[in-house]
Amino acid sequence: MSRIFLRAAAVAFASVAVSLLLTLIVVPAMGFPMSRTVWLASTVCPLVLAWAASASSFWQSDRLQNAHRELARAHAQLAAAHRRLSDKASRDDMTGMLNRETFFAALDGSRRKSDRGALLIIDADHFKRINDSYGHLTGDEALLLIAGAIERGIRSGDVLGRIGGEEFGAFLVGATDVEAKHVAERIRREVELIRFRPVDERTVPLTVSIGGITCGESATVSDLMRAADRRLYEAKHRGRNLSVLDRELPEAA
């Protein structure tokens, strides 16, 4: 408020100076004497009117600037809240990975940008046995350890999501079949190295089976999922704790 008062006072005194200057020029030129009334009129009137008008103008301007700042702050907070909600809606609550819907949308987007890549489906072995033996809370702990191992196994820029209860999907952007096999094996080893001790220091082994497929140029997301699922089933059938990858999607798939 004091800033507004000082600014209005400066304008008022400037108005008085201009008024006095004009009075000294105009009144004698018109042949009138410089009386006390003329001096009062040329000082008091501009002083009061200019101060009141400028103070009101500055006050309104200040309020408008404050309102603009508050509006900009509210917009920024709303945008941040929207980003947080959008990110939360796209993430799995437990692991923080992309959820199923967002993973497949990201996979589809990646496929549109590049023909090269590989899809891995990673499934925790014998996970129901852990839940039944130790409870679901302990099962959640094991799942988080597995999720962390998978994250360590993939490359920077790959797309990772939780697509089922104990099933994960990883799209290896631009990967060749050799690179895909290397990543799949690295994930399998990372999980196998986990030392999970839920009770009495006894280690419970954690392993995953992995099915994968290198992308063909015309393959759809559904085609890739079906082919990777078949490779996953093969890995489970052959004894689990195994990765099975096809070099490229067969034409009949």
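Residues numbered from 1 in each chain as written. Predicted model: local features only at pLDDT ≥ 70, side-chain atom pairs only at ≥ 80, totals over all residues. Heavy atoms only, no water.

(A) Focus on the overall build of the protein. A count of helices and strands for the protein gives seven helices and seven strands. Looking at the protein alone, contacts between residues at least 24 apart form 70% of all its contacts between residues at least 6 apart. Counting every atom, the protein has about 15000 Å² of accessible surface; 58% of that belongs to carbon and sulfur. (Helix = DSSP H or I, 4+ residues; strand = E, 2+ residues; numbered from the N terminus. Contact = heavy atoms within 4.5 Å. Areas by Shrake-Rupley, 256 points an atom, 1.4 Å probe, with all protein chains shown as cover.)

(B) Highlighting the nonpolar core. L120, I122 and I146 are the most contacted members of the largest nonpolar core, which has 31 residues in total. Those elements that provide at least two residues to this core are β1 (117-124), α4 (127-134), α5 (136-153), β3 (167-173), α6 (177-192) and β6 (208-214). Among the elements that make up this core, the one with the highest residue count is α5 (six residues). Beyond its immediate stretch of four places on either side in the chain, L120 contacts F168, G169, A170, L172, V183, A184, I187, I210, G211, G212 and L245. In this structure, L119, V159, A228 and L232 belong to the second largest nonpolar core, which totals 18 residues. (Core = buried A, V, L, I, M, F, W, Y, C linked by side-chain atoms within 4.5 Å. Buried < 20%, exposed > 50% of the residue type's maximum accessible area, 1.4 Å probe, protein only.)

(C) Structural context of the packing of aromatic side chains. If you walk through the whole model with that rule in mind, you get one aromatic pair. Seen in terms of ring centroids, F103 and F104 are 5.5 Å apart; in terms of plane orientation they differ by 65 degrees. Their pairing is edge-to-face. Here F103 matches F104 in class, with each residue buried. (Phe/Tyr/Trp six-rings, centres within 6.5 Å; stacked < 30°, edge-to-face > 60°.)

(D) How the structure looks around the pattern of salt bridges. According to the stated counting rule, one finds twelve salt bridges in the structure shown. Measuring nitrogen to oxygen at the nearest pair gives 3.1 Å for the salt bridge that ties E190 to R152. Linking E190 in helix α6 with R152 in helix α5, this pair joins segments that are 38 residues apart in sequence. The class of E190 is partly exposed, set by a relative accessible area of 24%. Here the salt bridges do not stand alone but share partners, grouping R231, E234, R238 and D246 into one network. (Salt bridge = Lys/Arg side-chain N within 4 Å of Asp/Glu carboxyl O.)

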